[in-house]
Number of protein chains: 2
Amino acid sequence: MKTQIGAKDILFPVPPALIVTGLEDNRNIITIAWIGIVGSKPPAIGISLHKSRYSLSLLRQTGEFTVNIPSKSDYIKVDYCGITSGKKRNKFKDTGFTKIDGTKVKVPIIKECPLNIECKIIKELDMSDWILIIGEILEINIDSDKINPDGKVSVEKVNPLIYVPTIREYWSIGQKLGNSFDVGRNYNQTSQSTNK
Amino acid sequence: MKTQIGAKDILFPVPPALIVTGLEDNRNIITIAWIGIVGSKPPAIGISLHKSRYSLSLLRQTGEFTVNIPSKSDYIKVDYCGITSGKKRNKFKDTGFTKIDGTKVKVPIIKECPLNIECKIIKELDMSDWILIIGEILEINIDSDKINPDGKVSVEKVNPLIYVPTIREYWSIGQKLGNSFDVGRNYNQTSQSTNK
């Protein structure tokens, strides 16, 4: 049986991404759960912010941002960045997160986040009180020690933080279940024929 | 130290959502990892599909779709839906997933998925070979037995499947770490003052 709970902004699991905007003394970190890949050629990410957010002006000034996927161990700092305003606090100083240079954009990446995505803004879409900012992905940075000898990124070593928005919970990852484009291949032996 | 791995479509963790499109004998299920909330008033979800996808015409015919968040136990069926074309196979028949009515849209929801989101299309955004379809969320359905006595959705009982795109792995959730808008509150005792 199903229960209807209304028209709510619930979708999970998502990454609570630390978005860095701005340059020099005006750098800010915000925590964004309204995030997703929106295309693959070129690869692009969408982030949605309320129009009142301080970071929106910083985004438009620089035309660039970085998406930093936090590890599970930083969930308290991630929450702090989400509830504290960059108008009042320098969140890099407060959290001790380390700014390091990206290779394709001027906005820094966060050293302590194992996965860092460098983006330049290519589109905006008005979503009423929210604005969807779309960034073309220019470079992906991974902690070198989180790449396996075969060159594959180790999800276990990245150990990304999970967020459940609106229900408002942080979770860790559990166990690997299998590989995609793989485990489903033998599911239906007759799938070469048609049953339409 | 960081390693650069190029401009790739990597962002995780994400939900490998089962998107149902179409009506009558033309219903289809596709697995979409390019998904995210794009606004909160009204609540809205974006899904991005390659323009060659069979489901795109079904989406435009009906103007509606449902987003069904699978439980961890269905990862093999989820993979099957992602790699099998709806032009050739009736994936509801192949997987045994059960169609049940939503309350706000005509497109069905999947009974075995604990979280079902009913959407009507409000915008489209061209992303080169991909198209970003934005749906206003009209209703959220949850399995009744996955809501705690206090009315809160139980993430543990929903036990959602996690996907890591491009690296191509399915994972389960692990442990709850804490509540957001909460654990970060006492992080910085001086956060009522400014250090800008």
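See the structure above.
Residues numbered from 1 in each chain as written. Chains lettered and ligands numbered in written order. Predicted model: local features only at pLDDT ≥ 70, side-chain atom pairs only at ≥ 80, totals over all residues. Heavy atoms only, no water.

### Some details on helix α1 (residues 54-62) of chain B
Residues and elements named next belong to chain B. Within the sequence span of α1, burial applies to Ser55, Leu56, Leu58, Leu59 and Thr62. Looking down the long axis of α1, one finds its buried residues gathered within 165° of arc, a one-sided arrangement. Looking at the buried side of α1, the elements it contacts are β2 (17-21), β3 (28-32), β5 (43-50), β6 (64-69), β9 (115-127) and β10 (130-143). Within two residues after α1, Gly63 carries a phi angle of roughly 70°, on the positive side. (Buried < 20%, exposed > 50% of the residue type's maximum accessible area, 1.4 Å probe, protein only. Helix = DSSP H or I, 4+ residues; strand = E, 2+ residues; numbered from the N terminus. Arc of directions from axis to C-beta. Contact = heavy atoms within 4.5 Å.)

### Some words on the side chain of Asn90 of chain B
All names here are of chain B. Mapping Asn90 onto the fold places it in the loop between α2 (75-83) and α3 (91-95). Given the relative accessible area of 17%, Asn90 is considered buried. At 3.0 Å, the side chain of Asn90 and the backbone nitrogen of Lys93 are in polar contact. (Polar contact = N/O pair within 3.5 Å; in protein donor to acceptor, adjacent residues only side chain to side chain.)

### Concerning the nonpolar core
In terms of nonpolar packing, the biggest core is built from 119 residues, with Val67 of chain A together with Ile47 and Val67 of chain B touching the most fellow members. At 9 residues, the largest contribution of residues to this core is made by β10 of chain B. Ignoring any residue separated from it by four or fewer positions in sequence, one finds Val67 of chain A in contact with Ala17, Leu18, Ile19, Ile35, Ile45, Leu115, Asn116, Ile117 and Cys119 of chain A together with Leu11 of chain B. (Core = buried A, V, L, I, M, F, W, Y, C linked by side-chain atoms within 4.5 Å.)

### Some words on the relation of the copies chain A and chain B
Between the two copies, chain A and chain B, the superposition gives an RMSD of 0.0 Å; the rotation angle is 180° and the shift along the axis is 0.0 Å. Accordingly, the operation relating the two chain copies is best matched by a two-fold axis. Distance from the rotation axis, computed per C-alpha, reaches its smallest value in chain A at Gly174 of chain A: 1.8 Å. Interface overlap between copies is the fraction of interface residues in one copy that are interface residues in the other; for chain A against chain B it reaches 100%, indicating a shared surface. (Least-squares fit on C-alpha atoms with pLDDT ≥ 70 in both.)

### Looking at the interface of chain A and chain B
How big an interface is tends to be reported as the loss of accessible area on association of its parts. The interface of chain A with chain B comprises 112 residues on the first partner and 112 residues on the second. Together, the buried faces of chain A and chain B total about 10200 Å²; carbon and sulfur atoms form 62% of this surface. Three residues stand out in chain A for area buried against chain B, namely Lys2, Trp171 and Leu177 of chain A, and they jointly supply 8% of the buried area on that side. One can count 6 salt bridges joining chain A with chain B. For Glu169 of chain A, the salt bridge identified is with Lys176 of chain B, shortest N-O distance 3.6 Å. Counting every contact that joins chain A to chain B gives 74 residue pairs in polar contact (both at pLDDT 80 or more). It is strand β12 (residues 169-179) of chain A that provides the largest number of residues to the side of chain A that touches chain B, a total of 11 residues. Along the lines of polarity and charge, the residues of the side of chain A that touches chain B split into 57 nonpolar, 29 polar and 26 charged. Bridging between strand β1 (residues 2-6) of chain A and β10 of chain B involves 4 bridges; their strand directions are antiparallel. Residue pairing in the sheet places Lys2 of chain A in a bridge with Asp143 of chain B of β10 of chain B. (Buried area = accessible area lost by both parts, 1.4 Å probe. Salt bridge = Lys/Arg side-chain N within 4 Å of Asp/Glu carboxyl O. Nonpolar A, V, L, I, M, F, W, Y, C, P; charged D, E, K, R; others polar. Pairing = 2+ DSSP bridges.)

### Describing unusual backbone geometry
Residue Phe12 of chain A is joined to Pro13 of chain A through a cis peptide bond whose omega torsion reads 5°. Inspection of the secondary structure assignment puts Pro13 of chain A in the loop between β1 and β2 (17-21). Despite not being glycine, Thr166 of chain A has its phi angle at roughly 70°, a positive value. If you trace the backbone, Thr166 of chain A turns up in the loop between β11 (162-164) and β12. At Glu24 of chain B, a residue that is not glycine, the phi angle is positive and equals roughly 55°. Mapped onto the secondary structure, Glu24 of chain B falls in the loop between β2 and β3. For Glu24 of chain B, a relative accessible area of 63% gives the class exposed.

### Some details on α2 of chain B
When α2 of chain B is considered as a whole, its buried residues turn out to be Tyr75, Val78, Asp79, Tyr80 and Cys81 of chain B. Buried-residue contacts for α2 of chain B involve β12 of chain A together with β2, β3, α3 and β12 (169-179) of chain B.

### Let's talk about the packing of aromatic side chains
Evaluated as defined, the whole model comprises 6 aromatic pairs over all chains. Between Tyr187 of chain A and Tyr80 of chain B the ring centres are 5.2 Å apart and the planes differ by 55°, which places this aromatic pair in the tilted class. On the criterion of chain membership, the pair formed by Tyr187 of chain A in the segment after β12 and Tyr80 of chain B in helix α2 is interchain, its members lying in two chains. Assessed through its relative accessible area of 1%, Tyr80 of chain B is described here as buried. Pairing Tyr75 of chain B with Tyr170 of chain B gives two aromatic rings, centres 6.3 Å apart and planes at 55°, and the pair type is tilted. Residue Tyr75 of chain B is found in helix α2, and its partner Tyr170 of chain B is found in strand β12; the two are separated by 95 residues along the sequence. Residue Tyr170 of chain B is classed as buried on the basis of its relative accessible area of 3%. An aromatic cluster is present here, built from Tyr75, Tyr163 and Tyr170 of chain A joined pairwise through their rings. Positioned above the aromatic ring of Phe92 of chain A, the side-chain terminus of Lys99 of chain A is 4.7 Å from the ring centre. (Phe/Tyr/Trp six-rings, centres within 6.5 Å; stacked < 30°, edge-to-face > 60°. Lys NZ or Arg CZ within 6 Å of the ring centre and 35° of its normal.)

### Focus: the sheet that holds β11 of chain A
Pairing within the open sheet is antiparallel, and its 4 strands lie in the order β11(A)-β12(A)-β12(B)-β11(B). The open sheet is flanked by β11 of chain A together with β11 (162-164) of chain B, the only strands paired with a single partner. Strand after strand, the sheet turns through a mean of 45° between neighbouring axes, direction not considered. Two strands pair when backbone bridges link them, and β11 of chain B and β12 of chain B are joined in this way by 3 bridges, in the antiparallel orientation. By the bridge assignment for β12 of chain B, Ile162 of chain B is matched with Trp171 of chain B. (Axes fitted to C-alpha atoms, helices over the stretch in contact; angles between N-to-C directions.)

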